[in-house]
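Residue strings, one per chain:
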Amino acid sequence: MQNKGVIVFFTVIITALCLYYLSFTLVSNGVQKRATEYAMDASGNVDFAKRQSYLDSVWREPVYNFLGFRFTYQEVKQTELGLGLDLQGGMHVTLEVSPVEIVRGLAGNSKDAQFNQAIELASERAKTTNDRYVNLFAQAWREVSGGKNLNTIFATAANRGRISLETSDADILNVIDTEVENAIERSFNILRTRIDRFGTSQPNIQRIQGSGRIQIELPGVDNQERVRNLLQGVAKLQFWEVAEINEFGDALQQVNAVLVAEARANKPASESSPALSDTTDLESDLARQLAEGSDADDDLGLEVSPLFSLLKANYGLVYEIRDTLAINRILNREDVKAILPRDIRLLWSVKPQRADNMELLELHAIKAPRGSDQAPLEGDVITDARQSYDQASRPAVSMQMNADGARRWRKLTGENIGRRIAVVLDDYVYTAPTVQGEIPSGQSEITGNFSIEEAKDLANILKSGALPAPTRIVEEAIVGPTLGKEASRQGVNSMIAGLVLVVLFMVAYYAKGGFVAIAALLFNIFFILGILAQLGAALTLPGIAGIVLTIGMSIDANVLIFERIKEELRNGAGMLQAISAGYDKAFSAILDSNVTTFLTGAILYALGQGPVKGFAIVLMIGIASSFFSAVFITRVIVHWMSKKGDQSKVSFSTPFSGNLLSSLNIDFLSKRKFAYLISTGVIVLGLLIAVFNGLKFGVDFTGGRYYIVEFSEAVPASDLKVGLDNEFEGAVEVKTYGANNVLKVTTSYLINEDSDEANREVETRVKEGIATVTGFNFITDATKLSSGDFAITGSNKVGATVADDIKASSMEAMFFALVAIFLYILLRFRKWQFSLASIIALIHDTCFVIAAFAIASAFGATFEIDQVFIAAVLTVIGYSINDTVIVFDRIRENIANKGTNRLVALFNDAINQTMARTLITSATTLIVVLVLLVFGGEVLRGFSFALLIGVLVGTYSSIYIATPVVVDLMKREIENESKEPAKKIA
């Protein structure tokens with residue numbers, strides 16, 4: 001064998017590199033084990049704060065000495081093979097940078113009515129479309145401006161040199177588009193700085209090109225609210241004077257009167273007029289203050305609107321978190337805005353306070369002269385900020401102002417002694433302390449009810465710089481640590497079970513050759529893990545699925561080689577000659593099948609999002625490493641075995657498998673029309689069921705929110721759904737999620753609202769609805785579930801526009817995969833009939849899988865269509881084309897050897913000759929797919945089912961669809977084959 005030394009050299013180098021990079025994972029695991037032991041008490045309970053303290057103490061300390069090179073724990077964590085969110089818990093967030101403030105800023109915050117109308121119209125349309133905001137604004141401006149040019153709005157002093165009264169609308173839109181793109185890039189850099197300071201291990205942040213979105217993954221975080229505040233804060237710090245209740249109480253009473261009158265007018269005449277809310281809350285101090293000196297409606301004490309009825313007695317202008325959305329809707333009404341004083345703005349506290357088992361938020365009134373957004377003092381005067389402690393040793397934030405800021409701050413505090421000044425960040429009130437005296441210097445301190453983490457985050461935001469535009473979370477996934485551990489356990493079980501079964505099958509069928517294939521498989525898995533560690537990638541549950549699938553598919557190359565060797569041996573060749581010919585003849589088929597599958601993985605990686613990318617990375621690495629190990633490493637091993645003593649000791653079959661499937665002579669093509677009829681019937685039936693019953697699309701494609709809820713004991717899904725229907729106006733679905741004590745609650749309620757208030761309201765409704773229906777108590781830590789408890793172990797939120805993006809990218813992936821495969825087959829086989837037949841077979845397989853999902857749903861087995869399903873379909877495409885290429889390659893070889901006469905017979909011969917390989921590869925792949933279906937867990941249930949159907953139908957289509965279609969497309973050549981002399985294709 002030539003180049004054996006080169007193969008051995010590369011194998012040793014790759015193995016050494018993999019060992020080196022995987023060693024960091026072992027060291028990291030050792031440090032974490034010691035941290036757990038340090039934080040564990042005598043009863044076996046772990047103090048996680050103490051554990052984290054230990055890890056923080058060694059963060060910058062050397063923990064690994066490799067050949068004299070010392071690595072700190074921080075460096076070890078950066079190099080280890082990390083676990084994805086789904087295997088260790090954590091948070092995935094997609095942020096959208098809002099361009100609205102950028103457009104307003106370029107226009108100098110113009111008060112032009114048509115400009116602001118166009119902004120509002122474009123913002124509303126942006127909720128339901130993926131078109132660029134600048135295009136939506138341009139369209140809205142044309143509709144509302146009556147032909148007025150944009151230069152009348154944007155030709156300001158600040159834009160001198162870029163925009164003048166002569167600048168065209170098209171050029172102005174280009175300037176806006178450039179500013180928006182620059183703002184997104186600046187936002188990305190600022191967020192990256194904040195994430196790097198956050199302290200989580202192996203954070204990942206990336207831009208989604210072509211959109212204003214930024215994806216962030218934070219493995220292991222357990223304080224989601226902290227992450228939300230950190231990512232969405234634009235550091236627009238302002239200091240406002242606070243208005244007292246007697247300065248705007250009359251206006252609130254007028255709003256209440258309007259709402260009461262509206263409710264009366266909308267009430268059917270047949271109904272009596274009960275009070276909107278019979279409440280004693282108006283006996284509170286606040287209600288009395290509102291009533292003082294006012295000619296309030298005589299009915300105020302009897303009938304009140306939610307503005308007053310939802311108030312919490314004795315707490316001031318305070319509401320429960322779940323009620324804040326309703327209050328915001330009232331305050332955002334145009335008629336209500338007209339009643340409230342123009343110089344008063346109402347802002348919420350950023351942090352809820354717990355009282356009487358309620359989470360409460362205070363509504364602050366700040367003085368904004370003439371409705372201006374310009375505060376008396378803003379954060380741009382701050383030169384430094386850091387976490388500190390106040391005189392009572394409570395966490396605070398110290399700020400240093402520049403000279404101008406110090407002067408204005410002295411004036412502001414001097415004019416408000418004995419009154420409150422609100423410290424406002426991004427329109428949320430962090431604290432509103434009473435000024436005790438004039439502050440003469442620029443050294444100031446923000447105090448409030450902060451934790452150390454909150455104070456650090458606030459200082460961090462101020463130091464990182466202000467985001468040029470606000471961001472909002474349009475997609476969010478949270479995986480609790482218990483759910484991650486369960487997924488990890490299921491993934492490892494799948495790998496082990498799949499590997500064991502494949503080992504047993506290969507040894508039983510190929511004897512010593514089976515051991516060689518298993519050695520290649522172990523090298524393959526080792527290389528995958530090592531290369532992932534070298535790339536700094538994280539292993540995810542879909543990634544484990546990719547490894548499990550690779551276990552089945554990587555066997556294919558060895559099966560091809562071993563079947564070729566057996567064929568050569570049956571033809572009388574010696575062992576060494578048979579081995580050499582077997583590897584040489586199988587090479588082209590192995591190359592083509594691997595390239596087509598690799599193309600599918602590359603397209604998945606380029607166009608997929610989230611977990612699909614993790615799967616694609618593992619699939620591509622798996623294909624490359626399996627090609628190297630199966631084709632080159634096994635050849636070295638087999639040649640070494642065959643030259644070591646008696647060649648008869650080298651075997652590639654057992655008495656059972658020796659001549660199995662070796663002399664088939666089935667006329668497959670004569671049955672092609674019957675196969676067409678069967679396929680058409682199944683697909684049409686499935687699609688009809690899909691049309692009438694509908695397919696179950698996941699949150700990825702529809703938008704909405706879901707929550708994984710774990711109970712201490714089994715809870716019927718149907719009972720919970722009936723109870724939650726009232727809470728969510730029927731927009732809810734509940735189903736069992738793996739175990740009978742784990743349920744998945746999905747809702748489209750408030751699907752188009754991405755605000756924090758909407759998120760809080762939906763989650764609160766879920767918790768309270770479950771508690772009401774089941775009588776169980778909500779706890780935050782799922783590891784401490786006891787009788788009568790429930791916990792939310794995972795959640796996901798996908799905005800409507802993000803769902804549209806995911807659907808569009810999925811369709812792109814499907815389309816480009818088919819185009820890439822068509823072109824590759826055309827390049828390799830030089831006949832368009834082979835390319836077109838391949839695409840027809842792949843479309844057939846895709847439709848068959850979708851039909852199978854629809855038919856399964858008709859029998860009560862509901863699988864969701866989501867991103868992971870798309871990954872499965874594209875994997876099926878890769879697997880099916882892999883199968884088809886093997887047959888096509890044998891057809892090409894037969895034509896090259898025997899000419900084009902008797903084409904139909906040559907096609908039949910090719911199918912029969914490759915049947916052993918087709919069935920064995922399908923069997924090994926089905927083994928691991930079935931293992932994945934049984935042990936892979938609920939997350940991969942739909943994925944596994946799609947693969948199961950895909951492997952079966954892919955095997956079927958390569959025999960009864962792809963090859964027969966080539967025959968039907970080449971009818972003219974077949975009809976003329978008897979008229980021409982035999983030709984050979986070189």
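For the structure, see preceding data.
Residues numbered from 1 in each chain as written. Predicted model: local features only at pLDDT ≥ 70, side-chain atom pairs only at ≥ 80, totals over all residues. Heavy atoms only, no water.

Student: Got a sec to walk through the overall build of the chain? Specific residues and values, please.
Tutor: In terms of regular secondary structure, the chain is built from 33 helices and 24 strands. Looking at the chain as shown, the accessible area adds up to about 43600 Å², and 55% of this sits on carbon and sulfur atoms. (Helix = DSSP H or I, 4+ residues; strand = E, 2+ residues; numbered from the N terminus. Areas by Shrake-Rupley, 256 points an atom, 1.4 Å probe, with all protein chains shown as cover.)

Student: Any chance you could break down the sheet that holds strand β16 (residues 428–431) for me, citing the residues and the numbers?
Tutor: Spatially, β12-β7-β15-β16 is the arrangement adopted by the 4 strands of the open sheet, whose pairing is antiparallel. Of all strands in the sheet, those bounded by a partner on one side alone are β12 (377–378) and β16. (Pairing = 2+ DSSP bridges.)

Student: I'd love a proper account of helix α25 (residues 717–727), names of residues and values included.
Tutor: By the burial criterion, the buried members of α25 are Ala717, Leu720, Leu724 and Glu727. Take α25 and look down its axis: the buried residues cluster within an arc of 65 degrees, on one side only. Across α25 from its buried face, at more than 90 degrees, point the exposed residues Val722 and Asn726. (Buried < 20%, exposed > 50% of the residue type's maximum accessible area, 1.4 Å probe, protein only. Arc of directions from axis to C-beta.)

Student: Explain the packing of aromatic side chains to me, using residue names and the numbers behind them.
Tutor: Inspection of every chain in the model, using the stated rule, returns 29 aromatic pairs. Relative to Phe154, the ring of Phe137 lies with its centre 6.3 Å away and its plane at 85 degrees, an arrangement referred to as edge-to-face. Placement of the pair is Phe137 in helix α7 (residues 133–145) and Phe154 in helix α8 (residues 151–154), with a sequence separation of 17 residues. This pair shows no difference in class: Phe137 is buried, exactly as Phe154 is. Grouped by ring-pair contacts, the aromatic residues Tyr20, Tyr21, Phe24, Tyr64, Phe66 and Phe71 constitute a single cluster. (Phe/Tyr/Trp six-rings, centres within 6.5 Å; stacked < 30°, edge-to-face > 60°.)

Student: Summarise unusual backbone geometry; cite the residues concerned and give the values.
Tutor: Even without a glycine there, the phi angle at Asn109 is positive, about 50 degrees. Relative to the helices and strands, Asn109 resides in the loop between α5 (100–106) and α6 (113–126). In the Ramachandran plot, Ala511 falls in the positive-phi region, its phi being about 55 degrees despite a non-glycine side chain. Position of Ala511 among the secondary structure elements: in the loop between α18 (481–510) and α19 (512–535). The exposure class of Ala511 is buried, given its relative accessible area of 15%.

Student: Which residues make up the pattern of salt bridges, and what are the values?
Tutor: Tallying each qualifying case throughout the model produces 21 salt bridges. Here Arg333 makes a salt bridge to Asp335, at a shortest N to O gap of 2.7 Å. On the accessibility criterion, Arg333 (24% relative accessible area) is partly exposed. Taking the relative accessible area as the measure of exposure, Asp335 reaches 33% and is therefore partly exposed. A network of salt bridges, in which partner residues are shared, links Glu247, Lys367 and Arg419. (Salt bridge = Lys/Arg side-chain N within 4 Å of Asp/Glu carboxyl O.)

Student: Describe in detail the environment of Ala606, supporting the description with residues and values.
Tutor: One can find Ala606 in helix α21 (residues 575–607). Once the C-alpha coordinates of Ala606 and Ala813 are considered, the two residues, 207 residues apart in sequence, prove to be 8.3 Å apart.

Student: Can you tell me about the pairing of strand β2 (residues 69–72), naming the residues and giving the values?
Tutor: Sheet topology places strand β1 (residues 62–66) next to β2; 4 bridges connect them, and they run antiparallel. Along β2, the bridge assignment pairs Phe66 with Phe69. What sits between the antiparallel neighbours β1 and β2 is a turn of 2 residues, in which Leu67 has the positive phi angle 50 degrees.

Student: Provide a residue-level description of the environment of Val397, including the pertinent values.
Tutor: Position of Val397 relative to the elements: it lies in strand β14 (residues 395–401). In the structure, Val397 is positioned 55 residues away from Ile452 in sequence and 9.7 Å away in space, judged by C-alpha atoms. Leaving out residues up to four positions away in the same chain, Val397 has contacts with Ala385, Arg386, Ser388, Ser444, Glu445, Ile446, Ala455, Leu458 and Ala459. (Contact = heavy atoms within 4.5 Å.)

Student: I'd like a rundown of a nonpolar patch on the surface, residues and numbers included.
Tutor: On the surface, a cluster of nonpolar side chains totalling about 700 Å² of accessible area is made up of Phe815, Phe816, Val819, Leu823, Leu826, Trp832, Leu836 and Ile840. Secondary structure elements with two or more residues in the nonpolar patch: α27 (800–829) and α28 (832–858). If one sorts the elements of the nonpolar patch by residue count, α27 sits on top with 5 residues. As for its position among the elements, Val819 is in helix α27. Look at Val819 and you get partly exposed, because its relative accessible area is 32%. (Patch = residues over 30% accessible without salt bridge, like charges linked within 9 Å, V, L, I, M, F, W, Y side chains within 5 Å.)

Student: Can you lay out the sheet that holds β14 for me, pointing to particular residues and giving the numbers?
Tutor: Strand order in this open sheet of 3 strands is β13-β14-β17, and the pairing throughout is antiparallel. In the strand order of this sheet, the two ends are held by β13 (382–389) and β17 (443–446), each with one partner. Strand-to-strand twist in this sheet, taken as the mean axis angle between neighbours without regard to direction, amounts to 25 degrees. In terms of strand pairing, β14 meets β17 through 4 bridges, oriented antiparallel. Paired with Ser398 across the bridge in β17 is Glu445. (Axes fitted to C-alpha atoms, helices over the stretch in contact; angles between N-to-C directions.)

Student: Describe the packing of α6 against α7, listing the residues and the values that go with them.
Tutor: Viewed as axis vectors pointing N to C, α6 and α7 meet at an angle of 135 degrees, and their least axial separation amounts to 8 Å. The angle between α6 and α7 places the two elements in the oblique class. When the axes of α6 and α7 are compared, the crossing they make is right-handed. Contacts between α6 and α7 pair Gln114, Phe115, Gln117, Ala118, Ile119, Leu121, Ala122, Ser123, Arg125 and Ala126 from the former with Tyr133, Leu136, Phe137, Gln139, Ala140, Trp141, Glu143, Val144 and Ser145 from the latter. Taken together, the residues that form the contact of α6 with α7 break down as 12 nonpolar, 5 polar and 2 charged. (Parallel < 35°, antiparallel > 145°, perpendicular 65-115°, else oblique. Left-handed = near helix turned anticlockwise from the far one by under 90°. Nonpolar A, V, L, I, M, F, W, Y, C, P; charged D, E, K, R; others polar.)

Student: Give a description of the environment of Pro352 that names residues and reports values.
Tutor: If you trace the backbone, Pro352 turns up in the loop between β9 (344–348) and β10 (353–355). For the pair formed by Pro352 and Glu320, sequence separation is 32 residues and the distance between their alpha carbons is 8.7 Å. When near neighbours in sequence (up to four residues on either side) are disregarded, Pro352 contacts Ile321, Glu359, Leu360 and Leu361.

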